[in-house]
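# Structural description and commentary
In case you want the letters, here they are:
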Amino acid sequence: MCGNGRAARKERRRLRKEGRRPGPPGPYALLPWLLMGLGSFSNLFQGETPSPWIGGLGLLAFNSLYVSVVFRGFVKEKRESPVSYVLLGAMAAITFGLAIGYGGSWLLFFPLLSLACGTILRHRWLAAGLLGLAVAACLIAVWRDDSTSTPWTLGYGTFISGAVTAAILTLSETVMELRSTRQELARTAVEKERLRFSRDLHDLLGHTLSVIVVKSEAARRLAPRDMDAALSQVADIESVGRQALTEIREAVTGYREGSLATELDRARSALTAAGIEPSVRRSGPPLAPQTEALLGWVVRESVTNVVRHSTATTCAFVVEGASGRVRLTVTDDGRTPAAPPAPGIGGTGLKGLTERLAVAGGSLEAGPGPAGGFVVTAELPADAGGGSGGDGTPDP
């Protein structure tokens, strides 16, 4: 992604140096077509045009309107403005007046008018306008019988000049929109990845550091009277640290898949070390890997909050599955906080878990329990096609 971004910036710099910009051609590319009016300009100076002052004013007005319309056609807001249609209508009036009054090379203003229509009109209006101009050019050429080209050639040139112009501009605008959309999708992907990583890092480090602190305190308390038990806690700290390093690597690469059974085992160990009695009961069908992973995050965050923020002596985990849904309830008997513990800021903690479960079609609720303490309840769709789950009996 970084390589593509550098290449895009390099390409834009190269285009700026060359005086060009990515996207559709600019309005200046349509100005050389005004050279088609040189024949009429020559007729004015050679005295072949009656009332040359009228013809000269008409030529000046047409060229001025053409330049104005073409430049407005490359700005969407101006192109769709009523002023653009008024200017285009004035061009049409001048074109018909000059063609009917003078004929000959003055009929070549019809392709120029069609080209201007191609920059302004779209969809049905474009088709109707180009067909009408082509037919009108043929009929006037037949009526005048002095055109520099055959009537059908003039009509075909009138139609095709506007159609090709509109097609090129529409295609170029679509390419620009696709390019903008691609850049926006890339930015969105980066933002989602940052959010995912921040959530994972918060949940991983918050839980791991809490467990390390609890086990360190347990080792300090046990060391004076039971060195073997204290060394066992130190060994657990080492194991937790190594596991945290592995999980952080997995979080960075985006391939971490949690396991509910593993998280429940870790929850028992962390709660026991903190002097809190854990109990686990599981029932229902096997769970899909994604469901296991999400419920594992809920267990991890709930244990972190119990260890950090409550004075609980017991903590119960109940996993129940029925009717295509699975529910995880985490209940402790500690003091009830004034607000949900560690809700997180910017998509972390319980707030982040609520968003994750909502995306997967589930929900998460946290609040004081009816008998005191604090209760976290998570519900998700259960997929019987994969994952490991309970066997219908309580875990030991």
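Residues numbered from 1 in each chain as written. Predicted model: local features only at pLDDT ≥ 70, side-chain atom pairs only at ≥ 80, totals over all residues. Heavy atoms only, no water.

### Things to note about the side chain of Thr119
Basically, it comes down to this: In this text, helices come from DSSP runs of H or I with a minimum length of four residues, and strands from runs of E with a minimum of two, each type numbered from the N-terminal end. Within 3.5 Å is the distance limit for a polar contact, defined as a pair of N or O atoms, with the added protein rule that one can donate a hydrogen and the other accept it, and that residues adjacent in sequence qualify only through two side-chain atoms. Should any heavy atoms of two residues lie within 4.5 Å, those residues are counted as being in contact.
Mapping Thr119 onto the fold places it in helix α6 (residues 109–120). Within the structure, the side chain of Thr119 is placed 2.6 Å from the backbone oxygen of Ala116, a separation counted as a polar contact. With near-sequence residues (within four places) excluded, Thr119 lies in contact with Leu30, Val69, Val70, Gly73, Arg79, Thr165 and Leu169.

### A few points about the confidence of the model for the protein
Put simply, the rule reads: The quantity called pLDDT is the predictor's confidence in a given residue, expressed from 0 to 100.
Confidence in the prediction of the protein, expressed as mean pLDDT, is 79, and 82% of residues score 70 or more. In the model, residues 17–22 has pLDDT below 50 throughout and makes seven contacts with residues more than four positions away in sequence or in other chains. Contacts for the low-pLDDT stretch residues 338–348, under 50 throughout, to residues beyond four places or in other chains number 26 contacts.

### Things to note about the nonpolar core
Filter applied, for reference: Nonpolar core, defined: a set of buried Ala, Val, Leu, Ile, Met, Phe, Trp, Tyr and Cys residues in which side-chain atoms within 4.5 Å join the residues together. To sort residues, take the accessible area from a 1.4 Å probe on protein chains only and compare it with the maximum for the residue type: under 20% means buried, over 50% means exposed, and anything in between is partly exposed.
Judged by nonpolar contacts, the single largest core of 35 residues is most densely connected at Tyr66, Leu88, Met91 and Phe110. Listing elements by their share of this core, those giving two or more residues are α3 (52–72), α5 (82–102), α6, α7 (123–144) and α8 (151–222). No other element matches the eight residues that α6 contributes to this core. Excluding residues within four positions of it along the chain, Met91 makes contact with Phe62, Leu65, Tyr66, Val69, Leu113 and Ala116. Formed by 34 residues, the second largest nonpolar core is a distinct cluster that contains Ala270, Val303, Val319 and Leu380.

### So, the environment of Ala61
Looking at the secondary structure, you find Ala61 in helix α3. In the structure, Ala61 is positioned 29 residues away from Ala90 in sequence and 9.2 Å away in space, judged by C-alpha atoms.

### Some details on the packing of aromatic side chains
Aromatic ring pairs are defined here through the distance separating the ring centres and the angle between the ring planes. Under the convention used in this document: The aromatic pairing rule takes the rings of Phe, Tyr and Trp, using the six-membered ring of Trp, and pairs them if the centres are within 6.5 Å, calling planes under 30 degrees apart stacked, those over 60 edge-to-face and the rest tilted. Charge over a ring is defined by NZ of Lys or CZ of Arg lying within 6 Å of the ring centre and within 35 degrees of the ring normal.
Tallying each qualifying case throughout the model produces six aromatic pairs. A centroid spacing of 5.2 Å and a plane angle of 85° characterise the contact between Phe96 and Phe110, whose relative ring orientation is edge-to-face. With a gap of 14 residues between them, Phe96 in helix α5 and Phe110 in helix α6 connect regions that are remote in the sequence. Above the ring of Trp297, the side-chain terminus of Arg356 is found at 5.0 Å from the ring centroid.

### Let's talk about the packing of α5 against α6
Spelled out, the test is: All axes here are fitted lines through C-alpha atoms, helices being fitted over the stretch that makes contact, and every angle between N-to-C directions spans 0 to 180 degrees. Angles below 35 degrees are treated as roughly parallel, those above 145 as roughly antiparallel, those between 65 and 115 as roughly perpendicular, and all remaining angles as oblique. Charged means Asp, Glu, Lys or Arg here, nonpolar means Ala, Val, Leu, Ile, Met, Phe, Trp, Tyr, Cys or Pro, and polar covers whatever is left, Gly included.
In the contact formed by α5 and α6, the axes pass within 10 Å of each other and the chain directions differ by 170°. Our classification of the angle between α5 and α6 gives roughly antiparallel. In contact with Ser84, Tyr85, Leu88, Met91, Ala92, Thr95, Phe96, Leu98 and Ala99 of α5, α6 contributes Phe109, Phe110, Leu113, Ala116, Cys117 and Ile120. Broken down by class, the residue content of the contact of α5 with α6 amounts to 13 nonpolar, two polar and no charged.

### Regarding the side chain of Thr158
Within the secondary structure, Thr158 is located in helix α8. A relative accessible area of 0% places Thr158 in the buried class. Filtering out sequence-adjacent residues up to four positions away, Thr158 remains in contact with Phe110, Pro111, Ser114, Leu133, Ala134 and Ala137.

### Re α6
Helical geometry note: an α-helix holds 3.6 residues per turn, so side chains three or four residues apart project in the same direction. Heads up, the rule is: Helices are assigned an expected span. That span is 1.5 Å times one less than the residue count.
For α6, built from twelve residues, the straight-helix expectation of 16 Å at 1.5 Å per residue is met to within 8% by its first-to-last C-alpha distance of 17 Å. The element α6 is extensively covered by neighbouring structure, given that twelve of its twelve residues are classed as buried. Considered for burial, the residues of α6 that qualify are Phe109, Phe110, Pro111, Leu112, Leu113, Ser114, Leu115, Ala116, Cys117, Gly118, Thr119 and Ile120.

### So, the sheet that holds strand β5 (residues 374–381)
Short version of the rule: Any two strands with at least two DSSP bridges between them are considered paired.
Sheet architecture is open: five strands sit in the order β1-β2-β3-β5-β4, paired in mixed fashion. If you trace the sheet from one side to the other, it starts and ends with β1 (277–282) and β4 (363–368), each paired once. The sheet shows a mean angle of 10° between the axes of neighbouring strands, taken without regard to direction. Note: strand β3 (residues 325–332) against β5, eight bridges, orientation antiparallel. Bridge assignment links Arg327 to a residue of β5, and that residue is Glu379. Taken strand by strand, helix α10 (residues 260–273) contacts β1 and β2 (314–322), and its axis lies near 160° from that of β1.

### So, a nonpolar patch on the surface
So the rule is basically this: What makes a patch is a set of residues exposed beyond 30% relative accessible area and free of salt bridges, joined within 9 Å when like-charged and within 5 Å when nonpolar (Val, Leu, Ile, Met, Phe, Trp, Tyr). Here the accessible surface of atoms and residues is derived via Shrake-Rupley with a 1.4 Å probe, and residues count as covered only by protein chains that are part of the display. One side-chain nitrogen of Lys or Arg within 4 Å of one carboxyl oxygen of Asp or Glu is enough to make a salt bridge.
Residues Leu131, Trp152, Tyr156, Phe159, Ile160, Val164 and Ile168 make up a contiguous nonpolar surface patch of roughly 700 Å² in combined accessible area. Here the element with the most residues in the nonpolar patch is α8; it accounts for six residues. Secondary-structure assignment places Leu131 in helix α7.

### Things to note about the packing of α3 against α6
The test is simple: Crossing handedness is read from the near helix: turned anticlockwise from the far helix by less than a right angle, it gives a left-handed crossing, and turned clockwise, a right-handed one.
In the contact formed by α3 and α6, the axes pass within 8 Å of each other and the chain directions differ by 25°. The angle between the axes of α3 and α6 places the two elements in the roughly parallel class. Two packed elements cross with a definite hand, and for α3 against α6 that hand is left-handed. In this structure, α3 contributes Leu59, Phe62, Tyr66, Val69, Val70 and Arg72 to the contact, and α6 contributes Phe109, Leu112, Leu113, Leu115, Ala116, Thr119 and Ile120. Its residues assigned to classes, the contact of α3 with α6 comprises eleven nonpolar, one polar and one charged.

### Notes on the pattern of salt bridges
Tallied over the entire structure, the rule returns twelve salt bridges. A salt bridge links Glu173 to Arg122, with the nearest nitrogen and oxygen atoms 3.8 Å apart. On the criterion of sequence distance, the pair formed by Glu173 in helix α8 and Arg122 in the loop between α6 and α7 is long-range, its members being 51 residues apart. Put simply, Arg282 and Glu292 hold a salt bridge, and the shortest N to O gap is 3.6 Å. With Arg282 in strand β1 and Glu292 in helix α11 (residues 289–309), this residue pair connects regions lying ten residues apart in the sequence. No difference in accessibility class separates Arg282 from Glu292, as the two residues are buried.

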